[in-house]
Amino acid sequence: MSALVLDGKALAQKTEEELSARVAKLKEKSGGQTPILATILVGDDPASATYVKMKGNACRRIGMDSLQVELPASTTTEELLAKIGELNENPNVHGILLQHPVPAQIDERACFDAIDLDKDVDGVTCLGFGRMAMGEEAYGCATPKGIMRLLEAYEVELEGKHAVVVGRSPILGKPMAAMLLNANATVTICHSRTRDLADHIRRADIVVGAVGRPEFIKAEWIKDGAVVVDAGYHPGGVGDIELAPLVDRVAAYTPVPGGVGPMTINTLIYQSVDSGERKIG
Ligand code: NAP
C-alpha cells in the first residue's frame, strides 16, 4: 500500500496564493491598508529569533505587514504586559504573536492571556481555548489548527475514528484533542504518566505525535492503515514518530519536514488575514 502524503508544504504554498489575493483585495478596498501582525520576541534565543523571522517573511510574502517588537532578556512580566496592552490598543494591529518560550522570570500564562481575544491569531489564550473547546468561534491554536486544516484538505475522515494524541501541552496536545473531539473523533490523550503507551497507540486509527523526543513513538506500535501525524522536528530531520518503516503500510502520514511545520506559520497568517478583514473590511 502506498500511503497518502499529507503535504503541508504544498498546502501552505497554495494557501499563500489565496491569502495574497485576499490581502490585495483588502488593500484595494481600503485605500492601501493591510492586515498587520505584531510579533513579540523577548530575549535572544536563536531558535525563537529564527521562528519570528520566518513569521515576518511569511507576512511579507502575502503582502501583509508585520510589526516586530524585540525586548531584552531582562524584561519583567509587568513590562511585557504593558507592551501587549499597547498593541491591544493599537487599531492598526490585527494580530499579536508572543513567541514562546519567554525567559523564565516572566509569567508566560499571564502574558498570553493579556492578548485581546480579537487579536489572538496564534490561539494561545485560555479564553480562546475554552471557546474553541465549547465549539464557539475563536482562532485556533496555530499548530493543532494547522493539522486540522491539513487533514481537512486531504479529506481524512475523522468522525467515529479513534484518535490517540501523545502529548498534552497547552499549545499542542490539549487543543489538538479538543479539535479532534469537536470533529467527532473518539479521543485518547497520552502523556508522561500514561501506562502502556504502546497499547493505546496500537488501537489508534489516527496517531498524533506531540512529545518532543526524536522518534519516541515506534513504528511497530502503529497499526496498518492508520493516519500518522507527526508534529515533531529534530536535528537529523526526524520527528517524534519513527516514520520510515511506516510509509508503505499506513493510510496517510505527514512527512518530516514539510508536513505539520509549514502549516503552523500558515495558520498564523491565515488567521491574521481573517482578523484584518474583520477590522478593515
Ligand atoms: P512539550 O510542551 O514539551 O510537551 C510534550 C508532551 O509530551 C507533554 O505533555 C509530556 O507529558 C509528553 N511526554 C513527555 N514524555 C512522554 C512520555 N515518555 N510518554 C508520553 N508522553 C510524554 O512539547 P510541545 O510544545 O507540545 O511540542 C511537542 C512536539 O511538537 C515537539 O517535538 C515540538 O518541537 C513540536 N512542535 C512543533 C511545532 C511546529 O510548528 N511544527 C509547534 C510546536 C511544537 P507531560 O504533560 O506529562 O509532561
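Calculation criteria
- Residues numbered from 1 in each chain as written.
- Predicted model: local features only at pLDDT ≥ 70, side-chain atom pairs only at ≥ 80, totals over all residues.
- Heavy atoms only, no water.
- Helix = DSSP H or I, 4+ residues; strand = E, 2+ residues; numbered from the N terminus.
- Buried < 20%, exposed > 50% of the residue type's maximum accessible area, 1.4 Å probe, protein only.
- Areas by Shrake-Rupley, 256 points an atom, 1.4 Å probe, with all protein chains shown as cover.
- Domains from an automatic or database assignment.
- Pairing = 2+ DSSP bridges.
- Axes fitted to C-alpha atoms, helices over the stretch in contact; angles between N-to-C directions.
- Near = heavy atom within 4 Å.
- Polar contact = N/O pair within 3.5 Å; in protein donor to acceptor, adjacent residues only side chain to side chain.
- Nonpolar A, V, L, I, M, F, W, Y, C, P; charged D, E, K, R; others polar.

With that out of the way, let us pick up the overall build of the chain. Check the secondary structure of the chain and you find nine helices and nine strands. Overall, the chain is about 55 × 45 × 35 Å in size when its C-alpha atoms are taken along their principal axes. When burial is assessed residue by residue, the chain has 48% of its 281 residues classed as buried. Of the roughly 13,200 Å² that the chain leaves accessible, carbon and sulfur atoms contribute 51%.

Here we take up the domain arrangement of the chain. If you check the domain split of the chain, you get domain 1 (31–124) and domain 2 (142–261). Look at where the C-alpha atoms of domain 1 and domain 2 centre, and you get two points 28 Å apart.

Next up on the list: the sheet that holds strand 4 (residues 95–98). Taken together, three strands build an open sheet; the order of strands is 3-2-4 and the sheet is parallel. Sheet topology places strand 3 (65–71) and strand 4 at the edges, where each strand pairs with a single neighbour. Sheet twist, expressed as the mean angle between neighbouring strand axes with direction ignored, is 20°. With four bridges connecting them, strand 2 (residues 36–42) and strand 4 associate as parallel partners. Paired with Ala38 across the bridge in strand 4 is Ile96.

To continue, consider the site of the ligand. Near the ligand lie 20 residues; those nearest to it are Arg168, Ser169, His191, Ser192 and Thr264. At 2.8 Å, a side-chain N or O of Arg168 approaches an oxygen atom of the ligand. Within the side chain of Ser169, an N or O atom sits 2.5 Å from an oxygen atom of the ligand. Protein chains shield 69% of the accessible area of the ligand, which is 920 Å² for the free molecule. Here the shell around the ligand is composed, by residue class, of seven nonpolar, 10 polar and three charged.

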